[in-house]
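One letter stands for each residue in the lines below.
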Amino acid sequence: MKRIMILNGSPRPNGNTQELIKAFTKGAEANGNEIVRFDLQKMNIHGCLGCCKGGKDRENPCVQKDDMAKIYPEYIKADVVVLASPMYYWGISGQMKCAFDRLFAVAEMNENYENPKKECILLMAAEGADADNFAPVKAFYEGLTSNLGWKNLGIVYAGGNMDAGAILGKPEQIAEAENLGKMC
Ligand SMILES: Cc1cc2nc3c(=O)[nH]c(=O)nc-3n(C[C@H](O)[C@H](O)[C@H](O)COP(=O)(O)O)c2cc1C
């Protein structure tokens, strides 16, 4: 049994990222894993201030007191972190970037800003479908995980999806997300 923390960076409640998350969760729960999910759009999360003054309060390590307080304890306990995001301008959404940057406050609790070691997964919906379209995100994700020393468990690039719910017409993408959940 693993503890899996999903960060949902999509603002669309009935969007394609949401469907990827639902399918992934179904697979992961069938396997007995414990899931906690944060819908970042519904939360009050500010961008990192870069003050480097966090890490003192182990319960809520950032100097900014907002809804990140809910995420920190789950992040610390999680075995797996799932980044679920729409592609926005060949990157992750702003909601996701804001939240992820704020995880630095947890590294600040440790000597040399050492990040906690996690396994991780990327679920991404996008309009474009070819490898070129996903290349910038692939480079970002690979750079992020290798620098953090995190182990990538898998990626679902769900291309060809513009309108909310378009992915429901692509059962193979839904199945890919569910199978990745089952592998956790
Ligand atoms: C602000 C914005 C930027 C986008 N940028 C890209 C992009 O760079 N490449 C792409 O393929 N799709 C892009 N899209 C399309 C979304 O990735 C696509 O609609 C996706 O399915 C949205 O996921 P959601 O339904 O979970 O919100 C963009 C959409 C928006 C609103």
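Structure: see above.
Keep in mind the model is a prediction, meaning the values are calculated, not measured.

Caption draft 1: Highlighting the sheet that holds strand E5 (residues 151-158). Taken in spatial order, the 5 strands line up as E2-E1-E3-E4-E5 in an open sheet, and their pairing is parallel. The outermost strands of the open sheet, each flanked by one partner alone, are strand E2 (34-39) and E5. Taking the axes of each pair of neighbouring strands and ignoring which way they run, one obtains an average angle of 15° across the sheet. For strand E4 (residues 119-125) and E5, the ladder comprises 7 bridges, and the chain directions are parallel.

Caption draft 2: How the structure looks around the pairing of strand E1 (residues 3-8). Most of E1 sits inside the fold, with 5 of its 6 residues counted as buried. Judged from the 6 bridges that link them, E1 and E2 form a sheet pairing that is parallel. Following the sheet pairing, Ile6 is matched in E2 by Arg37. Traced from E1 through helix H1 (residues 16-30) to E2, the parallel crossover comes out right-handed. By the bridge criterion, 5 bridges tie E1 to strand E3 (residues 80-86) in an arrangement that is parallel. Its bridge partner lying in E3, Leu7 is registered against Leu83.

Calculation notes
- Residues numbered from 1 in each chain as written.
- Predicted model: local features only at pLDDT ≥ 70, side-chain atom pairs only at ≥ 80, totals over all residues.
- Heavy atoms only, no water.
- Pairing = 2+ DSSP bridges.
- Helix = DSSP H or I, 4+ residues; strand = E, 2+ residues; numbered from the N terminus.
- Axes fitted to C-alpha atoms, helices over the stretch in contact; angles between N-to-C directions.
- Buried < 20%, exposed > 50% of the residue type's maximum accessible area, 1.4 Å probe, protein only.
- Right-handed = clockwise from strand over helix to strand, strands pointing away.

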